[in-house]
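# Coordinate analysis (summary)
This is what each chain is made of:
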Amino acid sequence: MKVKLSDLAVYALFIAIIRIGVLPSIAQQMIKLVCTIAAFLYFIQRIPCKKMLNCTLIYGAVVMMSSALGWAAGYISDKNIFDALLYVVILYTLYIAIMSYSEKGEMDRFLTCMYRIVGVFCIFSLISVIIMRPSRDQADAMYFVGTKFMTSYLFILFTTLYLITRYNKIKTRLRYKLIYISLILLTMLLSWYIYCTTVLIVSIILFVPLLIPERIQKVIRNRNIVLLVFLFSAASVFLFALLLANPKIEHFVVQVLGENATLSGRLHIYEYLQQIVMTRPWFGYGYANSIVSEVVGFGNAQNGLIQICVDNGILGALIFLGVFYHLLGGKAEDPKNSQMYYFLYALIIAAAVEISVNYFFFIALFYIRWTSAAKQKKTKAVKAQMNGYRRVF
């Protein structure tokens, strides 16, 4: 595939999204800024004015308003305001980039670009993991793309992209099916090796396309079910203490998974979350605040949806959920591209104990939205063509 200027813009956008964690912070920020501006300027001129307004601007406005109020109250710094603006611009650029490819009927090309750049990052990440030789005492170790969580999520994304790009071959040819299974096992092995128990567990969901009949998968991919699972992941913070009171469950968590009885301090954090959220219930504390660390002494909310409540308030979380539900609203499913749902599910399940509502989360959402839209557009075109044939005959 000959590289086009649009492909370079996609690569730049992903370099902005997937930070190079081994570089100094100032270098990371400069690369992120330059790549974001370049990608934004390229894609903004590819879309008509009437399509410049989209749902990411609604959520972005909430993020900026919450951050401005949090800054005024002294909870975040000037740098956090700048980071919030950059975050919003990246989300917007990512959305219009995928929309642009979809509108031009080039989603397979976008998929190929994403597959290549993520694959390159996976190779360098694997090398960095081998060189660093992680240990349990190095929970905050930085690999090529950042923390152990980002490294593990990256491998889940790459495995999902392999599934989508080779979907028909995986369904019909043993060789490709074995490669896909090998990638899942590699992801699980890597997660175990770098002590990322969360991703080790959620990686199991990647077996769903191989084990579950398509008619059941369609139910799983229903947006109402996806939303309910996401809401349950937030409610789970209230269940963990009850579950770990069971000796058998505690034994499994401590002896089998290698975690401690407090889930690495999460239970202690969860005790304070209601107090933290209700102190500033409507608009939260702003982007990248450290209120949980200040109150508890370490960490963050350790839950995806509740972290949004902490950052943007309950109002912001409701708007986020509205955008989330809207983006999953496509009616026409393409079996190949619908496999992105399982990457989204992996992040949703991980969100019960981690902050996995990240750029990868939005990549999955936007991809699902615009592959569904492309399928709907194609279906309508075929129906119109068939109606034309009926009129002729």
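## Re the overall build of the protein chain
Helix and strand content of the protein chain: 19 helices and 0 strands. Looking at the protein chain as a whole, 50% of its 393 residues qualify as buried. Considering only contacts within the protein chain whose residues lie at least 6 apart along the sequence, 77% involve residues at least 24 apart.

## Quick notes on a nonpolar patch on the surface
Residues V120, I123, F124, I127, I131 and M132 make up a contiguous nonpolar surface patch of about 560 Å² in total accessible area. Inspection of the secondary structure puts I127 in helix α5 (residues 107-132).

## Side note on the side chain of Q307
Among the structural elements, Q307 can be located in helix α17 (residues 304-327). You can call Q307 buried: its relative accessible area is 9%. Apart from residues no more than four positions distant in its own chain, Q307 is found in contact with N300, A301 and I355.

## Some thoughts on the environment of A68
Examined against the element boundaries, A68 turns out to sit in helix α3 (residues 55-72). Here the alpha-carbon distance between A68 and Y285, two residues 217 residues apart in the chain, equals 9.2 Å.

## So, the packing of helix α4 (residues 78-103) against α5
Contact pair α4 / α5: the axes reach a minimum separation of 7 Å and the direction vectors enclose 135 degrees. The orientation of α4 with respect to α5, classified from their angle, is oblique. Where α4 approaches α5, its residues I98, Y101 and S102 are matched on the opposing element by M107, R109 and F110. A breakdown of the residues in the contact of α4 with α5 according to their chemical character gives 4 nonpolar, 1 polar and 1 charged.

## Side note on the packing of aromatic side chains
One pass over the full model with this rule turns up 25 aromatic pairs. Consider the rings of F14 and F110, whose centres lie 6.5 Å apart with planes at 55 degrees: the pair is tilted. Placement of F14 in helix α1 (residues 5-17) and of F110 in helix α5 is noted, with a sequence separation of 96 residues between them. Seen from their ring centres, F230 and F361 are 5.6 Å apart, and the 40 degrees between their planes marks the pair as tilted. Separated by 131 residues along the polypeptide, F230 in helix α12 (residues 223-235) and F361 in helix α19 (residues 359-392) bring together distant segments of the chain. Residue class for F230 comes out buried when judged on its relative accessible area of 0%. Ring-pair connections join several aromatic residues into one group, and the members of that group are Y59, Y95, F230, F320, F324, F361, F362, F366 and W370. The aromatic ring of Y325 is capped on one face by R223, whose charged end is 3.9 Å from the ring centroid.

## A look at the nonpolar core
Counting 127 residues, the largest nonpolar core has M114, V118, F230, F320, F324, L344 and F361 as its most contacted members. Residue contributions to this core peak at 14 residues, all from α4. Each residue touching F324, except ones within four places of it in the same chain, is listed here: V226, L227, F230, L344, I348, F361 and L365.

## Overview of α4
Taking 1.5 Å per residue, 26 residues should reach 38 Å; α4 reaches 38 Å between its end C-alpha atoms and fits that length. Buried residues dominate α4, accounting for 19 of its 26 residues.

## Describing the pattern of salt bridges
Inspection of the entire model under this criterion finds 6 salt bridges. Its salt-bridge partner being D7, residue R109 comes within 2.8 Å of it at the nearest N-O pair. Here D7 lies in helix α1 and R109 lies in helix α5, a separation of 102 residues in the sequence.

Calculation rules
- Residues numbered from 1 in each chain as written.
- Predicted model: local features only at pLDDT ≥ 70, side-chain atom pairs only at ≥ 80, totals over all residues.
- Heavy atoms only, no water.
- Helix = DSSP H or I, 4+ residues; strand = E, 2+ residues; numbered from the N terminus.
- Buried < 20%, exposed > 50% of the residue type's maximum accessible area, 1.4 Å probe, protein only.
- Contact = heavy atoms within 4.5 Å.
- Patch = residues over 30% accessible without salt bridge, like charges linked within 9 Å, V, L, I, M, F, W, Y side chains within 5 Å.
- Areas by Shrake-Rupley, 256 points an atom, 1.4 Å probe, with all protein chains shown as cover.
- Salt bridge = Lys/Arg side-chain N within 4 Å of Asp/Glu carboxyl O.
- Axes fitted to C-alpha atoms, helices over the stretch in contact; angles between N-to-C directions.
- Parallel < 35°, antiparallel > 145°, perpendicular 65-115°, else oblique.
- Nonpolar A, V, L, I, M, F, W, Y, C, P; charged D, E, K, R; others polar.
- Phe/Tyr/Trp six-rings, centres within 6.5 Å; stacked < 30°, edge-to-face > 60°.
- Lys NZ or Arg CZ within 6 Å of the ring centre and 35° of its normal.
- Core = buried A, V, L, I, M, F, W, Y, C linked by side-chain atoms within 4.5 Å.
- Expected span 1.5 Å × (residues − 1).

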